[in-house]
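Residue-level structure breakdown
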There are 2 protein chains.
Amino acid sequence: MGVMAAVGALPAGAGSLPPLPTLGVPGVPELKPLTRYEAMRLGPGWSHSCHAMLYAPNPGMLFGRIPLRYAVLMQMRFDGLLGFPGGFVDRRYWSLEDGLNRVLGLGLGCVRLTEADYLCSHLTDGPHRVVAHLYARQLTLEELHTIEISAVHSRDHGLEVMGMVRVPLYTQKDRMGGLPNFLANSFVGTAKFQLLFALKILNMVPEEKLAEAVAATQKPKKPAIDHAAVAAAKQANELAAAARAGNEYADSGENQAAAHAAAERAEQQAAGLESQAVLEHLAAVPGAEAVVAELHAQPGADTVLEQPVAEAME
Amino acid sequence: MGVMAAVGALPAGAGSLPPLPTLGVPGVPELKPLTRYEAMRLGPGWSHSCHAMLYAPNPGMLFGRIPLRYAVLMQMRFDGLLGFPGGFVDRRYWSLEDGLNRVLGLGLGCVRLTEADYLCSHLTDGPHRVVAHLYARQLTLEELHTIEISAVHSRDHGLEVMGMVRVPLYTQKDRMGGLPNFLANSFVGTAKFQLLFALKILNMVPEEKLAEAVAATQKPKKPAIDHAAVAAAKQANELAAAARAGNEYADSGENQAAAHAAAERAEQQAAGLESQAVLEHLAAVPGAEAVVAELHAQPGADTVLEQPVAEAME
């Protein structure tokens, strides 16, 4: 059987292997990890799901100061849930990888995963016997972007897949913006567990940051209004008004980055919640660039601008 | 002031106008509606946010039987929340529409909204004084797709915007798949209210369906495993095995549509929960197409395939 060939060599002295890693994030039910060898020996009563986490190192900075670290792809599915690309694979006909590649081919096109990309297997809970396999492939940011472009052109865009999204891996100063809010969305099946597990195992986010992000989502929700951002936006407006710059909007990337930094600084001075509103507000305020330019010209302004970098990750 | 010119003519006999529509969906806190005229008369202490719902009639059918009705665009933001494109507009410098178009230009490029696209204004709750304006523009599906493509190429993709997604407007038979699950995600500010309001006012989803979708999200969550889908997938596998078709996978769109229909039918026979797993499973099962072809050849098979259409919307 070709399927069995995909199992690979049996591990020598399996009994003495170190214990399989667990997620270990409070508040996230632990799924039983099992080796690929164990998973492939499960009987025909088990269903095998295979999903892929495609990711790329991302040197970019959000607002010029929050390191993005990695771009990680997930998708909004037709059923309103977030998930990884992939699906069930019938082991009677396909190896895990061939089956996964076939499902990925529906939407992603150009990536072929191999056994080398295998990351982990977990037994899901519940009455049905499902073992969930996760693969992870590191790409370049350009390759990952090509997949995003390919996905929006693919024939199941708007049908099975409502859109690809990147996972924010950072946590903003309000302790909710970024990964915590993202984790508070709705996920299909084991997707959220697998995301956390992969981020931990691949060292993409420190375990304690994962735990903090999960814990943040378990507190009572705050009112869904950008209160502090509004206050910060007002303050930014006042700065802009004081500068009395012209009404022309200089749309250079340099100025935008500076405006973002100013927006973020204004946010810090306010109660410190979400920043998008500030950004948006500033972007719509002529003269904000002039304010920032003035600040840059002052001694120590650059130091001020750099300070938030260390605080970006809680 | 150019800003005041954007207010338009004062409504004659404003006192005798019919009351402004409310959302009226149980479980969703009502925001105070106000006319554009009232909103523009708010003092300088008020901040104005402007967002756009871009949508297009969509004749497509999910799995060949669930009418998609409309494609509605939202975005996953940098902060892990779903929102509409848009942002704050400083009325001292910009009309609402000019400010909105400037913000949209950052990510969307080719659409310019006008006062004719204005839909509603609402006062947000909370300590800060924000009035949220929503615009809605109907596009063709091709135009909307162009915006999605443009967005993934735009320079803030992966920064302020982590991806565009379409909103599922249907509800699957499990009463969670589609709009209910989508509404259970995390939204920024007034975005969820505005989405529901626009869907109601524009008659894109009947009010009672909105209420049902919201109510479904307020029940205790079921275990996040595709239990029924797994059962259905097993059943589909058995069908496929019984057909004893060859191992070749015919990847034609026709066959895929048929496979989807078969997957959905299998889902009906199971406990009736999520269907993606079935779809995925079937897609990875060689011979499923042959099963479907056989079913098609049987008298009455087409009728069976068409039955679910009426049941797709709960």
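Residues numbered from 1 in each chain as written. Chains lettered and ligands numbered in written order. Predicted model: local features only at pLDDT ≥ 70, side-chain atom pairs only at ≥ 80, totals over all residues. Heavy atoms only, no water.

Take the overall build of chain A next. The number of helices and strands found in chain A is twelve helices and eight strands. Evaluated residue by residue, chain A yields a buried proportion of 58% over its 314 residues. Of the contacts made within chain A by residues no fewer than 6 positions apart, 72% connect residues no fewer than 24 positions apart. Put simply, chain A shows about 12,200 Å² of open surface, and 57% of that area lies on carbon and sulfur atoms. (Helix = DSSP H or I, 4+ residues; strand = E, 2+ residues; numbered from the N terminus. Buried < 20%, exposed > 50% of the residue type's maximum accessible area, 1.4 Å probe, protein only. Contact = heavy atoms within 4.5 Å. Areas by Shrake-Rupley, 256 points an atom, 1.4 Å probe, with all protein chains shown as cover.)

It is worth spelling out the packing of helix α6 (residues 191–201) of chain B against helix α7 (residues 207–217) of chain B at this point. All names here are of chain B. α7 packs onto α6 with a crossing angle of 155° between their chain directions and a minimal axis gap of 9 Å. On the basis of their axis angle, the class for α6 and α7 is roughly antiparallel. Counting all contacts with α6, which are made through Leu196, Leu199 and Lys200, the residues of α7 involved are Glu207, Leu210 and Val214. Class assignment of the residues belonging to the contact of α6 with α7 gives a composition of four nonpolar, no polar and two charged. (Axes fitted to C-alpha atoms, helices over the stretch in contact; angles between N-to-C directions. Parallel < 35°, antiparallel > 145°, perpendicular 65-115°, else oblique. Nonpolar A, V, L, I, M, F, W, Y, C, P; charged D, E, K, R; others polar.)

Let us now look at helix α6 (residues 191–201) of chain A. The α-helix winds at 3.6 residues per turn, so residues separated by three or four positions along the chain end up facing the same way. Residue and element names in this part refer to chain A. Counting buried positions over the eleven residues of α6 gives nine, a clear majority of the element. Along α6, the residues classified as buried are Ala191, Phe193, Gln194, Leu195, Leu196, Phe197, Ala198, Leu199 and Lys200. Asparagine 203 sits one or two positions beyond α6 and adopts a positive phi of about 60°.

What follows concerns helix α7 (residues 207–217) of chain A. Residue and element names in this part refer to chain A. Looking at α7, one finds that the buried residues are Leu210, Ala213, Val214, Ala216 and Thr217. Buried residues of α7, viewed axially, fall in a sector of 160°; they line one side. Close packing links the buried residues of α7 with α5 (179–183) and α6. (Arc of directions from axis to C-beta.)

Residue and element names in this part refer to chain A. Inspection of the entire model under this criterion finds 14 salt bridges over all chains. Between glutamate 97 and arginine 36 there is a salt bridge, with its nearest N and O atoms 2.9 Å apart. With glutamate 97 in helix α3 (residues 96–107) and arginine 36 in helix α2 (residues 36–40), the pair connects residues that are 61 residues apart, well separated along the chain. Accessibility classification places glutamate 97 together with arginine 36 in one group, the buried group. Residues arginine 36 and glutamate 115 are paired through a salt bridge, measuring 3.4 Å at the closest nitrogen-oxygen approach. Of this pair, arginine 36 sits in helix α2 while glutamate 115 sits in the loop between α3 and β6 (118–123), and the two are 79 residues apart along the sequence. On the basis of relative accessible area, arginine 36 is assigned to the buried category, the value being 9%. Judged by relative accessible area, which is 36%, glutamate 115 ranks as partly exposed. Via salt bridges that share partners, Arg36, Glu97 and Glu115 belong to a single interconnected network. (Salt bridge = Lys/Arg side-chain N within 4 Å of Asp/Glu carboxyl O.)

Take the packing of aromatic side chains next. Residue and element names in this part refer to chain A. Applying the stated criterion to the full structure yields ten aromatic pairs over all chains. Where phenylalanine 193 meets phenylalanine 197, the ring centres are 6.0 Å apart and the plane angle is 20°; that geometry is what we call stacked. Of the two residues, phenylalanine 193 and phenylalanine 197 both sit in helix α6, four residues apart, roughly one turn of that helix. According to the relative accessible area criterion, phenylalanine 193 is buried, its value standing at 5%. (Phe/Tyr/Trp six-rings, centres within 6.5 Å; stacked < 30°, edge-to-face > 60°.)

Below, the discussion takes up the state of the cysteines. Residue and element names in this part refer to chain A. Taken as a whole and assessed by the stated rule, the structure comprises zero disulfides over all chains. As a non-bridged cysteine, cysteine 50 has cysteine 120 as the owner of its nearest cysteine sulfur, 11 Å distant. The exposure class assigned to cysteine 50 is buried, which follows from its relative accessible area of 0%. (Disulfide = S-S within 2.5 Å.)

Turning our eyes to something else, we now look at the environment of leucine 183 of chain A. Residues and elements named next belong to chain A. Inspection of the secondary structure assignment puts leucine 183 in helix α5. Using a relative accessible area of 1% as the deciding quantity, one classes leucine 183 as buried. Residues leucine 183 and glycine 126, spaced 57 residues apart in sequence, show a C-alpha to C-alpha distance of 22 Å. Setting aside residues up to four positions removed in sequence, leucine 183 forms contacts with Lys192, Leu195, Leu196, Ala213, Val214 and Thr217.

The backbone of phenylalanine 63 of chain A sits at a positive phi, close to 55°, despite the residue not being glycine. Position of phenylalanine 63 of chain A among the secondary structure elements: in the loop between β2 (47–62) and β3 (66–77).

All names here are of chain A. Confidence along chain A averages 74 in pLDDT terms, with 63% of residues attaining 70 or more. Note that pLDDT drops below 50 for residues 223–229; the model gives that stretch 23 contacts with residues more than four away or on any other chain. Long-range and interchain partners of residues 237–314, a stretch whose pLDDT sits below 50, account for 150 contacts in this model, where long-range means more than four residues apart. ipTM for the predicted complex: 0.73, alongside a pTM of 0.74. (pLDDT = per-residue confidence, 0-100.)

Right, let's talk about the pairing of strand β7 (residues 130–138) of chain B for a bit. Residues and elements named next belong to chain B. With seven of nine residues buried, β7 is to be regarded as a mostly interior element. Where strand β2 (residues 47–62) lies against β7, nine bridges are found, and the strand directions are parallel. Bridge pairing links cysteine 50 to histidine 133 in β7. Strand direction decides the pairing type here: strand β6 (residues 118–123) and β7, joined by five bridges, are antiparallel. Bridge assignment links leucine 123 to a residue of β7, and that residue is valine 131. Remark: six residues form the turn of the hairpin made by β6 and β7, two consecutive strands paired antiparallel; glycine 126 in that turn has positive phi of roughly 100°. (Pairing = 2+ DSSP bridges.)

Attention shifts here to the environment of alanine 211 of chain B. Residue and element names in this part refer to chain B. Within the secondary structure layout, alanine 211 lies in helix α7. Residues alanine 211 and glutamate 148, spaced 63 residues apart in sequence, show a C-alpha to C-alpha distance of 29 Å. In this structure, alanine 211 is in contact with Val25 and Pro26, ignoring residues within four places of it in sequence.

Next up on the list: the side chain of histidine 122 of chain B. Within the secondary structure, histidine 122 of chain B is located in strand β6. If near-sequence neighbours (up to four positions away) are discounted, histidine 122 of chain B is found in contact with Leu31, Lys32, Pro33, Leu34, Val130, Val131, Ala132, Phe193 and Phe197 of chain B.

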